[in-house]
Amino acid sequence: LFDMENLYVTGAITIEGTRSFDADALSHCLFGLNRRSDVNSDQLFVDVTGSQVPNRNEADWLADYFGLPPTFSSRLVFEPRVSNLIIDFAFYVGLDEFVNGLYFRAHAPVVVTRWGLGFEELPLPNSLAPAGYPAGYFTPTAVPAGNLLSHASEFFSDLDIPTLPDGVSFEPLGFARFEQARLHKTALAEIQMALGYNFILCPCYHLGLNFRVYAPTGNRPHAEFTFEPIAGNGKHWEVGAGFTSHYTFWESEDEESSFGLYVDGNFTHMC
């Protein structure tokens, strides 16, 4: 506010909703996928095929690595999506009582975030009959097909493992699990604090700079899931600077209505 000589406070609550739309870009970032599914034009896919499947594509994932038969084949389809409900609690303190134009402001956004991998396993046509592992491949003795997994989702989602003889253990998936249900997280994402000074302050326009510190209060990624929900910026402190400005083009005589342009910019570094 212009021409203030005392300390004043104002607050606001803003509700915001966001969601992602480019599932292809998310899939490419997660898996490096470029091949589009012929089942759904909005989904990218990867084929999981065994070592005995003829004409395997060089980009296929090898089924044998996941406790599946060497004749196994299926298609994993992904359509990741992130959606957020954000409630931003903000307040502004004008410190003109001490220095004209000095201020402190803070934001505390509470976020309800939902992350869905959109994972689905589809059978491929002309799949071969299940076969086991020959002797010496995984174990000294042969492994029958009945001891192996029947779906890739059993390994990636359910953390199942095949039963191997001769005391040989097969480790389950430890990280990057493919969760088929949407995951959610509710948390205070961060606390943004800024101490600033408006060095140009007039009735219809202002321009100021501020020093900013963001305290991380969200969650840190643990890689349990391939697409785990994150509230905040991954538990990083941030420091930086910003500017704030406005120009009022019109204001009513009773000062109850106005039309103006407001431009703010914040530039921070994650520590």
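This text follows the structure it describes.
Everything numeric in this text was worked out from a predicted model, so none of it was measured.

(A) The side chain of D60, seen in detail. Within the fold, D60 resides in the loop between β2 (44–49) and β3 (61–62). Judged by relative accessible area, D60 falls into the buried class, the value being 11%. In this structure the side chain of D60 is engaged in a polar contact, spanning 3.1 Å, whose partner is the side chain of T49.

(B) A look at a negative patch on the surface. Negative charge collects at one region of the surface, where E251, E253, D254, E255 and E256 lie side by side. Inspection of the secondary structure puts E255 in the loop between β11 (238–251) and β12 (258–270).

(C) Examining a positive patch on the surface more closely. Taken together, the side chains of R19, R81, R114 and R182 make up a positively charged region of the molecular surface. Mapped onto the elements of the fold, R81 is located in strand β5 (residues 81–94). When its relative accessible area of 35% is taken as the criterion, R81 is described as partly exposed.

(D) Spotlight on the packing of aromatic side chains. The full count for this structure, using the stated rule, is 27 aromatic pairs. Taking 5.8 Å as the distance between ring centres and 50 degrees as the angle between the ring planes, the aromatic pair formed by W61 and F156 counts as tilted. Pair noted here: W61 is in strand β3 and F156 is in helix α2 (residues 152–156), with a separation of 95 residues, a long-range link. Since its relative accessible area comes to 22%, W61 is described here as partly exposed. R19 extends its terminal NZ or CZ atom over the ring of F21, reaching a point 4.2 Å from the ring centre. Between R75 and the ring centre of F45, over which it is positioned, the NZ or CZ distance is 3.8 Å.

(E) Structural detail: the pairing of β11. Two strands pair when backbone bridges link them, and strand β10 (residues 205–216) and β11 are joined in this way by 10 bridges, in the antiparallel orientation. Following the sheet pairing, N210 is matched in β11 by G242. Here β11 pairs with β12 via 13 bridges, running antiparallel. Its bridge partner being in β12, T244 is matched across the sheet by D264. The turn linking β11 back onto β12 is made up of 6 residues, and E255 within it adopts a positive phi angle of 60 degrees.

(F) Quick peek at the pattern of salt bridges. One pass over the structure, following the stated rule, counts 3 salt bridges. With a closest N to O distance of 3.9 Å, D264 and R105 form a salt bridge. Of this pair, D264 sits in strand β12 while R105 sits in strand β6 (residues 102–116), placing them 159 residues apart in sequence.

(G) Region of interest: the sheet that holds strand β4 (residues 73–78). The 4 strands lie next to each other as β3-β2-β4-β7, forming an open sheet whose pairing is mixed. Whereas interior strands pair on both sides, the edge strands pair on one side only; in this sheet they are β3 and β7 (120–123). Where β2 lies against β3, 2 bridges are found, and the strand directions are parallel. Each bridged residue has a counterpart across the sheet, and for T49 the counterpart in β3 is L62. Contacting β2, β3 and β4, helix α1 (residues 23–31) crosses the sheet at an angle of about 40 degrees to β2.

(H) Representation of α1 in the model. Restricting attention to buried positions, one finds in α1 the residues A23, S27 and F31. Along the axis of α1, the buried residues cluster in a sector spanning 40 degrees; they form a single face. Residues of α1 that are buried sit in contact with β2, β3 and β4. Looking one or two residues beyond α1, the residue adopting positive phi is G32, at roughly 70 degrees.

(I) Seen up close, unusual backbone geometry. Positioned with a positive phi, D3 is a non-glycine residue whose angle comes to about 60 degrees. Mapped onto the secondary structure, D3 falls in the segment before β1 (8–19). On the basis of relative accessibility, which here comes to 56%, the residue D3 falls in the exposed class.

Analysis parameters
- Residues numbered from 1 in each chain as written.
- Predicted model: local features only at pLDDT ≥ 70, side-chain atom pairs only at ≥ 80, totals over all residues.
- Heavy atoms only, no water.
- Helix = DSSP H or I, 4+ residues; strand = E, 2+ residues; numbered from the N terminus.
- Buried < 20%, exposed > 50% of the residue type's maximum accessible area, 1.4 Å probe, protein only.
- Polar contact = N/O pair within 3.5 Å; in protein donor to acceptor, adjacent residues only side chain to side chain.
- Patch = residues over 30% accessible without salt bridge, like charges linked within 9 Å, V, L, I, M, F, W, Y side chains within 5 Å.
- Areas by Shrake-Rupley, 256 points an atom, 1.4 Å probe, with all protein chains shown as cover.
- Salt bridge = Lys/Arg side-chain N within 4 Å of Asp/Glu carboxyl O.
- Lys, Arg positive; Asp, Glu negative; His and termini not counted.
- Charge placed at Lys NZ, Arg CZ, Asp CG, Glu CD.
- Phe/Tyr/Trp six-rings, centres within 6.5 Å; stacked < 30°, edge-to-face > 60°.
- Lys NZ or Arg CZ within 6 Å of the ring centre and 35° of its normal.
- Pairing = 2+ DSSP bridges.
- Contact = heavy atoms within 4.5 Å.
- Axes fitted to C-alpha atoms, helices over the stretch in contact; angles between N-to-C directions.
- Arc of directions from axis to C-beta.

These results come straight from atomic positions and should not be treated as a statement about function.
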